[in-house]
Amino acid sequence: TNEPVKELEHWQSLLELCEGYRELHAAEPPLEKRALSWSRCIAFAQVILGARGIPIHRGQQGKPLVIWVLAATEEVEGALAASGYFQDASWLNRAPTEVVLLGSSLRPSLQFGDARACSVRAASYHEVQDLPEPHMCILFMPDRHDVAFESGAANSDSRGIPPEALELLVGLPIVVSTCFKLPARTAKSLESLGNLLLLRETRCPFSSSAGDAHSQFSDNCWIVAVRGPDALGFVLQHDIEIPCPSPLPEDQRLPAVFWGILDLKYDSSKPVLERVRVLETGDGRISKFSGDGAAIQDLMRARYVSKEGSLLRKFHLISADKKLTHDLIELAGYNHIVPGQACYPRQYDSHLAERIASDLELEEDDKVVLKLCNRSRAAGVIVSPLDELDEVLEELLVLPKMDAWLEDKLKKLKEVHPGDFGLTWGCFEEQKRHWWANESPCFVAERWCISTPLLKAGKFYDGTMRVGFVILHKHDLQGSSENGFRKATDGGLQADAPNVPPPSPEELAVHWLGGYWKLPKQDMASTDLRERVVSAARTSGTALVRSSVLAEVYSALGDSVQQLFGGVDPSSKMLADRYKEAPELAAYLTARLAVSNREQPKIKKMLYDAQVLANKVPSERGKHFIESFIVRCYGVLEARSDARDRWHTAQRHFVKALKHLESNANALYLLGMAALELGKPGEAVNLLNKSLFLDPDFKAPYVNLGVAYLRLKLFEEAIYISEACLERHPSSPQCQYHIGIASCQLALLIEARSRGGAVLPASERELYDELRKRTASSMAEARQSEEGMKRKPAPGSCRLPEAPWLETDQQMLEAMAVNGLRPRQQGYAQDPVNTLREIRLSPTAGWKVFGWRT
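Residues numbered from 1 in each chain as written. Predicted model: local features only at pLDDT ≥ 70, side-chain atom pairs only at ≥ 80, totals over all residues. Heavy atoms only, no water.

Here we take up the overall build of the chain. Looking only at helices and strands, one finds 30 helices and 20 strands in the chain. For the chain, the C-alpha radius of gyration of 32 Å lies close to 29 Å, the compact-globule estimate for 854 residues. When its C-alpha atoms are laid out on the principal axes, the chain stretches across 120 × 65 × 55 Å. The burial tally for the chain puts 57% of its 854 residues in the buried class. (Helix = DSSP H or I, 4+ residues; strand = E, 2+ residues; numbered from the N terminus. Rg over C-alpha atoms; globule rule 2.2 N^0.38 Å. Buried < 20%, exposed > 50% of the residue type's maximum accessible area, 1.4 Å probe, protein only.)

This is the structure in structure tokens:
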């Protein structure tokens, strides 16, 4: 009669030990912690059920505890077992245990482990009658497998659970794990099971996040338990999908210290621990979210408010550098989620390709991805077969005589429309120019990764997944229904609070915003390697990511984002120590870190440190890269100062930057801006065009060329260059504004000819009508844009009006609302109807953009 009491005491005593075991689990490296979550979830399920009074066989020699793992697959449970990760199914109970992996696609011969402790075997559903009867069953994260009860026998293509297996589960406890908390409506629905619900949703302390209460997603994070196959069927009838967060009132939105993106590859055909490969991270504020990605930005605005500041300036440095991102992820123990990478100075030699192949352990038929460390939007990304690598590197790293090359390009530009740089977006020639123009002294080579083929419109694509995230302080998530919300003004840490140490990774939480697929230009059947590999969402579009895939990706990423962005800000010394063997990289990153500061003394001190490091670079070419960037940074500091002669002083720095690196597109652009600011739009046109020949994906030169053309009264040219910009950067209200102004001015010129007595052909009258319409539509688009609305002065405000809200802007709109094509009537020269309608542009006309690129 005391046996049930002893059993209950046994399990309850083990439950009390779980916190100590959880700490051991939490101390595991990220890969092991994730991999062990499957078996340790089994161990916890035994204990929690036993402690709730559910009879669980303890296991003994000759009669082990038998646990069936349902819907197992070769890529997940099979791969984990083969690596020894299922041995901990008896981690807490320490009794003889036999785990049987049951699935329709497993190799039956798989057997692992020591029968005295925990043995593991794989079996097909066809073998269930010959297997030892189970004492309990577990189904891991069924949302990832589309698990269903089959109406007939199992077949090799199905992951369903056939009737012959279900018949053996009657009366047994069946545990179901998930990697996220079930929606409230699902949890409530499960209550209707009554006594068949053995365990309400409970957080597992041995998940891949070790039970972290702030973790939204982690493998085997939550478990429920039911009795028998009918109850399991009821559970699986529910949509086990990621709950959709609802918008928050403006005064309750969560304070985000940073929001960003991760671009990654996901391949479901690989073992579960090898499916995710992070390619790069980025700043959400400047990232593009087209098509199916628009919901990410919408969710950010609906639930969060940005509290970014200098405290977390490290975020901006990391998110802008591929080498630093990769190294910090590796340092945090997440080397298994990044592709193999090696870094090299940007200097060609005939043995460079061989070194890359050796460092990345490439084989004859492999491909390698070459990347610039500091570029986004796939600029400079080159995919090369190994046998072509030497030729590609020579083209990228050996420059022509740049002065002559640029002058020749300017000469040819006069024969075509502005903005016609003779390039197809994304072509190899464009990528080569990105390499020529870049200031970073290093580049990276990566092993080529692919994603699961994605079917769209009858074609298979190798997509790149983009996921959005928000980083928050955990202490700002205390005490509300949203895991707590406390406004920063009510005691939360201020983003710009002085003398506050940067938050550690453990002090940060991540909320995921969603994800989508970005598709390349061409499908996987294309012979053009880059076109079928590098994502180009604007060309081929986007696709939704299944909820189950997103949940798996989030779980695989673990706390890598917190580890990446949390902790101590890098210093000059830290970077110098970290990259002792690559002083050019240490110098460049130190300079980048310097200009992310907001305090002038610190900026200048760190730029000096960067120069000291640059002096140690053995290669003269590498030294010139760094010094060009450092000098340009000094120029930017001058240009952004309040000094009256700031642009003259800045100009001298930019000229010096070009002497160090004559292909520096950023220095050419800023020299063009200096000319524009100093009242020399003609000179600005040449410089800005030179910048675009080298970097045709840089938005700012396009916009400011539009300004220069307007000031030169070259209105058709202003339209052409603005249209060229909009093709690459559709969200450019400045270009819409410039098109509006230029269209109005061209229409007024036609009016002047008409009022001067010229007889206009029908085609010119049609053009006039089109220009009037375009003025109105382009101005409206500029004003209604987010940037345009920010510039709109509030009623009664003393703020000076800015484009597109100037008085002359309104005059142009009103003028174009009326058809002004009327011939002069003799004898009525002074009649108002016949007066020329002239709207003079200010010498400072245009909506400028300052892209500092520091």
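Judged by how many residues are buried, strand β8 (residues 222-227) sits mostly within the fold: five of six residues are covered. Where strand β6 (residues 173-178) and β8 come together, six bridges link them in antiparallel fashion. Bridge assignment links Pro173 to a residue of β8, and that residue is Arg227. (Pairing = 2+ DSSP bridges.)

A word on helix α19 (residues 583-595). In a regular helix each residue adds 1.5 Å, so 13 residues correspond to 18 Å; α19 covers 19 Å between its end C-alpha atoms and thus fits that length. Burial runs high along α19: 13 of the 13 residues are buried. (Expected span 1.5 Å × (residues − 1).)

Using the criterion set out here, one finds 23 aromatic pairs in the structure. Taken together, a centroid distance of 6.3 Å and an interplanar angle of 45° make the contact between Phe258 and Phe469 tilted. Taken together, the residues span a long stretch of sequence, with Phe258 in strand β9 (residues 254-266) and Phe469 in strand β18 (residues 464-473) at a distance of 211 residues. Classification of Phe469 by relative accessible area gives buried; the value is 0%. Here the aromatic cluster, defined as three or more aromatic residues joined through ring pairs, consists of Phe180, Phe217, Phe258, Phe469, Trp512, Tyr554 and Phe565. Lying over the aromatic face of Tyr579, Arg578 brings its terminal NZ or CZ to 5.8 Å of the ring centre. (Phe/Tyr/Trp six-rings, centres within 6.5 Å; stacked < 30°, edge-to-face > 60°. Lys NZ or Arg CZ within 6 Å of the ring centre and 35° of its normal.)

To continue, consider the layout of surface pockets. Here the second largest pocket is characterised by a volume of approximately 1100 Å³. Lining the second largest pocket are 38 residues, and of these Gln216, Ile242, Pro243, Cys244 and Pro245 sit closest to its centre. Elements supplying a minimum of two residues to the lining of the second largest pocket: α7 (294-303), β19 (508-518) and α16 (547-557). A per-element tally of the lining of the second largest pocket places β19 first, with five residues. Of the residues assigned to the lining of the second largest pocket, the class counts are 21 nonpolar, ten polar and seven charged. (1 Å grid on protein atoms, 1.4 Å probe; cavity = no way out; pocket = protein on both sides within 12 Å on 5 of 7 lines; lining within 4 Å. Points joined across faces, edges and corners; volume = space filled by probe spheres on them. Nonpolar A, V, L, I, M, F, W, Y, C, P; charged D, E, K, R; others polar.)

Taken together, the side chains of Leu455, Phe460 and Met524 present a nonpolar region at the surface, about 290 Å² in accessible area. Turning to its location among the elements, Leu455 is positioned in strand β16 (residues 454-456). A relative accessible area of 54% means that Leu455 is categorised as exposed. (Patch = residues over 30% accessible without salt bridge, like charges linked within 9 Å, V, L, I, M, F, W, Y side chains within 5 Å. Areas by Shrake-Rupley, 256 points an atom, 1.4 Å probe, with all protein chains shown as cover. Salt bridge = Lys/Arg side-chain N within 4 Å of Asp/Glu carboxyl O.)

It is the contact of helix α24 (residues 681-694) with helix α25 (residues 699-711), at a shortest axis distance of 9 Å, that shows an interaxial angle of 155°. Classified by the angle their axes make, α24 and α25 are roughly antiparallel. The two elements α24 and α25 meet at a crossing, and its hand is left-handed. Residue-level contacts link Pro681, Val685, Leu688, Asn689, Ser691 and Leu692 of α24 to Pro701, Tyr702, Asn704, Leu705, Ala708, Tyr709 and Arg711 of α25. Among the residues making up the contact of α24 with α25, the classes are represented as nine nonpolar, three polar and one charged. (Axes fitted to C-alpha atoms, helices over the stretch in contact; angles between N-to-C directions. Parallel < 35°, antiparallel > 145°, perpendicular 65-115°, else oblique. Left-handed = near helix turned anticlockwise from the far one by under 90°. Contact = heavy atoms within 4.5 Å.)

Tallied over the entire structure, the rule returns four cavities of 30 Å³ or more. The calculated volume of the largest cavity comes to roughly 100 Å³. In terms of lining residues, the largest cavity is bounded by 15 residues, among which Ala378, Trp425, Gly426, Gln431 and Arg530 are the most central. Of all the secondary-structure elements, those providing two or more residues to the lining of the largest cavity are α13 (428-437) and α14 (529-533). When residues of the lining of the largest cavity are assigned to their parent elements, the largest contribution, three residues, is made by α13. Of the residues contributing to the lining of the largest cavity, the split by class is five nonpolar, four polar and six charged. Estimates place the volume of the second largest cavity at around 50 Å³. Lining the second largest cavity are Val176, Thr178, Leu182, Glu201, Trp222, Ile223, Val224, Val235 and Ile240. Mapped by element, the contributors of at least two residues to the lining of the second largest cavity are β6 and β8. Of the residues belonging to the lining of the second largest cavity, the class tally is seven nonpolar, one polar and one charged.

Turning to the side chain of Arg466, a few remarks are in order. Relative to the helices and strands, Arg466 is located in strand β18. A distance of 2.8 Å separates the side chain of Arg466 from the backbone oxygen of Lys288, its partner in a polar contact. Not counting the four nearest positions on each side in its chain, Arg466 is found in contact with Ile261, Leu262, Asp263, Ser287, Lys288, Phe289, Ile296, Gly514, Gly515, Tyr516 and Lys518. (Polar contact = N/O pair within 3.5 Å; in protein donor to acceptor, adjacent residues only side chain to side chain.)

What follows deals with the confidence of the model for the chain. Across the chain, the average pLDDT comes to 91, with 92% of residues at or above 70. Scored below 50 in pLDDT, residues 147-159 shows 33 contacts in the model against residues more than four places distant or in partner chains. Scored below 50 in pLDDT, residues 826-833 makes five contacts in the model with residues more than four places away or belonging to other chains. (pLDDT = per-residue confidence, 0-100.)

On to the sheet that holds strand β12 (residues 341-345), then. Pairing is antiparallel across the open sheet formed by four strands, whose spatial order is β12-β15-β13-β14. Two strands bound the open sheet, and with one partner strand each, they are β12 and β14 (382-385). Between one strand and the next, the sheet's axes are offset by a mean angle of 30°, whatever the strand orientation. Sheet analysis places β12 next to strand β15 (residues 442-447), joined by five bridges and oriented antiparallel. From the neighbouring strand, Tyr344 faces β15, where its bridge partner is Phe443.

Taken together, the side chains of Glu354, Glu363, Glu364, Asp365, Asp387, Glu388, Asp390, Glu391 and Glu394 make up a negatively charged region of the molecular surface. For the negative patch, the element with the highest residue contribution is helix α11 (residues 389-397), accounting for three residues. Taking the relative accessible area as the measure of exposure, Asp365 reaches 68% and is therefore exposed. (Lys, Arg positive; Asp, Glu negative; His and termini not counted. Charge placed at Lys NZ, Arg CZ, Asp CG, Glu CD.)

The full count for this structure, using the stated rule, is 45 salt bridges. A salt bridge links Arg466 to Asp263; the nearest nitrogen and oxygen atoms lie 2.8 Å apart. With Arg466 in strand β18 and Asp263 in strand β9, this pair connects stretches of sequence that are 203 residues apart. Just as Arg466 is buried, Asp263 falls in that class too. The salt bridge partner of Asp366 is Arg447, with a shortest N-O separation of 3.8 Å. You can see Asp366 sitting in the loop between α10 (352-359) and β13 (367-372) and its partner Arg447 sitting in strand β15, a full 81 residues away along the chain. Using a relative accessible area of 22% as the deciding quantity, one classes Asp366 as partly exposed. One salt-bridge network, held together by shared partners, links Arg377, Glu430, Asp697 and Arg728.

Time to look at the environment of Leu196. Relative to the elements of secondary structure, Leu196 occurs in the loop between α5 (184-190) and β7 (197-203). Each C-alpha atom, one on Leu196 and one on Val47, is 18 Å from the other, the two residues being 149 residues apart in sequence. When sequence neighbours within four positions are dropped, the list of residues in contact with Leu196 reads Ala225, Val226, Arg227 and Ala231.

What follows covers unusual backbone geometry. Omega for the peptide link from Ala803 to Pro804 comes to 5°, which places this bond in the cis form. Along the chain, Pro804 falls in the loop between α29 (786-791) and α30 (807-816). The phi angle at Ala457 is positive, at roughly 55°, despite the residue not being glycine. Positive phi outside glycine occurs at Arg853, with the angle close to 50°. Secondary-structure assignment places Arg853 in the segment after α30.

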